[in-house]
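# Understanding the architecture of this molecule
Residue-level listing of the chains:
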Amino acid sequence: MIPHRYPFLLIDAVRDMVEGKFAIGIKNVTANEPHFEGHFPQEAVMPGVLQIEALAQTSAVLVSASLGLIDKNALVYFMTVDECRFRRKVVPGDVLELQVTTIRGRGKVWKFKGEARVNGEIATECVFAAMIVPPEEG
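Values in this document were obtained by computation on a predicted structure and should not be read as measured data.

Further remarks concern the state of the cysteines. Enumeration according to the criterion identifies zero disulfides in this entry. A disulfide-free cysteine, Cys84 has its sulfur positioned 4.9 Å from the sulfur of Cys126, the nearest such atom. For Cys84, a relative accessible area of 22% corresponds to the partly exposed category. Take Cys126: its relative accessible area is 2%, and that puts it in the buried class.

An order of S1-S2-S4-S5-S6-S3 is seen for the six strands of this open sheet, with the pairing classed as antiparallel. Single-partner strands in this sheet number two, and they are strand S1 (13-18) and strand S3 (75-86). On average, each strand axis in the sheet is inclined to that of its neighbour by 20 degrees, with strand direction left out of account. Bridge count between S1 and strand S2 (residues 22-28): five bridges; the pairing is antiparallel. When the bridges of S2 are listed, Val14 appears paired with Gly25. Relative to the sheet, helix H1 (residues 48-66) contacts S1, S2, S3, strand S4 (95-106), strand S5 (109-118) and strand S6 (121-133), its axis offset from that of S4 by approximately 55 degrees.

Okay, unusual backbone geometry next. Here Tyr6 and Pro7 are connected by a cis peptide whose omega angle stands at 5 degrees. On the secondary structure map, Pro7 appears in the segment before S1. Between His39 and Phe40 the backbone carries a cis peptide bond, its omega angle lying at -5 degrees.

One pass over the full model with this rule turns up eight salt bridges. Across the pair Glu33 and Lys27 runs a salt bridge whose closest N-O atoms are separated by 3.1 Å. Residue Glu33 shares its accessibility class with Lys27, and that shared class is buried. Between Lys89 and Glu43 there is a salt bridge; the shortest N-O distance is 2.3 Å. Separated by 46 residues along the polypeptide, Lys89 in the loop between S3 and S4 and Glu43 in the loop between S2 and H1 bring together distant segments of the chain.

For the coordinates displayed, the defined rule picks out three aromatic pairs. Between Trp110 and Phe112 the ring centres are 6.1 Å apart and the planes differ by 15 degrees, which places this aromatic pair in the stacked class. You can call Trp110 buried: its relative accessible area is 5%. Through a chain of ring-to-ring contacts, the aromatic side chains of Phe78, Trp110, Phe112 and Phe128 assemble into a single cluster.

The rules behind the values
In this numbering scheme, every chain counts its residues from 1 along its sequence in written order. Local features in this predicted model are restricted to residues whose pLDDT is 70 or higher, and side-chain atom pairs enter the listing and the counts only when it is 80 or higher, whereas totals over whole chains, interfaces and linings include all residues. Note: side-chain values were computed over all heavy atoms of the structure, leaving out hydrogens and water. Only a pair of cysteine sulfur atoms within 2.5 Å counts as a disulfide in this structure description. Under the scheme applied here, a residue whose accessible area is under 20% of the maximum for its type counts as buried, over 50% as exposed, and between as partly exposed, the area being computed with a 1.4 Å probe on protein chains only. In this scheme, strands are said to pair when DSSP sees at least two bridges between them. Numbering of helices and strands runs from the N terminus, with a helix taken as a DSSP run of H or I at least four residues long and a strand as a DSSP run of E at least two residues long. Here an angle of 0 to 180 degrees is reported between the N-to-C directions of two axes, which are lines fitted to C-alpha atoms, with helices fitted over the stretch in contact. Whether two residues are in contact is decided by their heavy atoms: any pair within 4.5 Å suffices. A carboxyl oxygen of Asp or Glu within 4 Å of a side-chain nitrogen of Lys or Arg is what we treat as a salt bridge. Centre distance within 6.5 Å is the pairing criterion for rings of Phe, Tyr and Trp, where only the six-membered ring of Trp is used; planes under 30 degrees apart are then read as stacked, over 60 as edge-to-face, and the remainder as tilted.

Shown next as structure tokens:
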């Protein structure tokens, strides 16, 4: 449904979804992920930008399903990230629940509210927009 692959596929599953409205993705944070080698060697913390990327990948699955783009190789490009807040560290062993809710979904441009939670506690929240592009237009 999305073009991302290891090491940049940052969601393990989409647990729940209502097409056009919301999706909940899951990311099992593990110590063997490549970014932990350098962020930080003495205390592994998942970078905030990767948490935002995981939210975006969850939204890409939602849009792909909503627009019937499964197996169409569509590309998704970030357009904006606004109102971003990091509330807690995300570390190996955490299960990151990635909830994205559609604010606006028209044609190629979609806007979302995203919340990444660990054990019900908000780790990251933001509003972001992305453009969905067929591969021939990429």
